[in-house]
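Working through the structure, step by step
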Amino acid sequence: MTEHELDKPRLLLVDDDETFCKVLKNALEKRHYEVLVANDVKAGMLLAEQNLPEYAVIDLRIGHESGLELVKKLISLDDKTVCVVLTGFASIATAVESIKLGATHYLTKPANTQEIIDALYKNVGDSSVLLNSHPLSIKRVEWEHLQKVLMQNDGNIAATARALNMHRRTLQRKLDKRPVKE
């Protein structure tokens, strides 16, 4: 490793979308990051153990696995690792759990490179954030409730379906849909 490489902050990027990883890796390297890429939770954990990163950008849903497991592992390895959770399936339940597990920020996709970098360095809250003047729609409330019960059942679809007295396939269809926009 050259002296110049030692000066670059190390960032672990874990997402199952290989094209997204390639594009983001190139953009981050142009901004002087050393980027390690994994496309599943197991490979991400292995990379983190071998090359402890200063920063991590982790997809919430990696295939059928939860990126939250990786956040938990990274923080247990080094509680100074800055983790940003990135997701196309944002919910209140997963945002809360991400922060409780040690993530610094939670971003929804699509997010551009600058938004991701800004999130890596934003470690204080913003009390001036705008409050929503409208209550959540019924569809959004249902989606949020499904996410909450899913988190309570550690991501287990069958157990969540039983808890909701719902057929497993019906629950899966509802969970596969993107959250309702507000």
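To be clear, the structure that these remarks concern was listed above.
In this text, all values refer to a predicted model and were calculated from it rather than measured experimentally.

Each helix and strand in the protein was counted, giving nine helices and seven strands. Whereas a compact globule of 182 residues would reach a radius of gyration of roughly 16 Å, the protein reaches 17 Å, a difference of no more than 12%. Each of the three principal axes of the protein carries a C-alpha extent, and together these read 60 × 35 × 30 Å. Scored against the burial criterion, the 182 residues of the protein give a buried share of 38%. Within the protein, one finds 25 positive and 26 negative side-chain charges whose respective centroids are separated by 8 Å.

So, on to the layout of surface pockets. For the largest pocket, the calculated volume is near 760 Å³. In terms of residue class, the lining of the largest pocket is built from eight nonpolar, seven polar and seven charged.

In this section: the sheet that holds strand E7 (residues 105–108). The five strands are arranged E2-E1-E3-E6-E7 in an open sheet whose pairing can be described as parallel. Strands with a single pairing partner mark the edges of an open sheet, and in this sheet they are strand E2 (34–38) and E7. Ignoring strand direction, the axes of neighbouring strands in this sheet form an average angle of 20°. With five bridges joining them, strand E3 (residues 55–59) and strand E6 (residues 82–87) adopt parallel strand pairing. The partner of Tyr55 across the bridge, within E6, is Val82. Across the sheet, helix H4 (residues 67–77) is in contact with strand E1 (10–14), E3 and E6; its angle to E3 comes to roughly 160°.

The next thing to look at is the pattern of salt bridges. Opposite charge on two side chains permits them to pair, given that their charged atoms come into close proximity. Applying the stated criterion to the full structure yields seven salt bridges. Note that Lys73 and Glu49 form a salt bridge whose closest N and O atoms lie 2.9 Å from each other. One end of the pair, Lys73, is in helix H4; the other, Glu49, is in helix H3 (residues 41–50), with 24 residues separating them in the sequence. What emerges from the salt-bridge pattern is a single network uniting Asp15, Asp59 and Lys109.

With respect to the helices, strands and loops of the structure, Ala159 is situated in helix H8 (residues 157–164). Since its relative accessible area comes to 17%, Ala159 is described here as buried. When the C-alpha atoms of Ala159 and Val149 are compared, they prove to be 9.3 Å apart, with ten residues separating the residues in sequence.

Relative to the helices and strands, Cys83 resides in strand E6. Counting along the chain gives 72 residues from Cys83 to Gly155, while the straight-line C-alpha distance between them is 20 Å. Each residue touching Cys83, except ones within four places of it in the same chain, is listed here: Ala56, Leu74, Ile75, Ala103, Thr104 and His105.

The rules behind the values
- Residues numbered from 1 in each chain as written.
- Predicted model: local features only at pLDDT ≥ 70, side-chain atom pairs only at ≥ 80, totals over all residues.
- Heavy atoms only, no water.
- Helix = DSSP H or I, 4+ residues; strand = E, 2+ residues; numbered from the N terminus.
- Rg over C-alpha atoms; globule rule 2.2 N^0.38 Å.
- Buried < 20%, exposed > 50% of the residue type's maximum accessible area, 1.4 Å probe, protein only.
- Lys, Arg positive; Asp, Glu negative; His and termini not counted.
- Charge placed at Lys NZ, Arg CZ, Asp CG, Glu CD.
- 1 Å grid on protein atoms, 1.4 Å probe; cavity = no way out; pocket = protein on both sides within 12 Å on 5 of 7 lines; lining within 4 Å.
- Points joined across faces, edges and corners; volume = space filled by probe spheres on them.
- Nonpolar A, V, L, I, M, F, W, Y, C, P; charged D, E, K, R; others polar.
- Pairing = 2+ DSSP bridges.
- Axes fitted to C-alpha atoms, helices over the stretch in contact; angles between N-to-C directions.
- Contact = heavy atoms within 4.5 Å.
- Salt bridge = Lys/Arg side-chain N within 4 Å of Asp/Glu carboxyl O.

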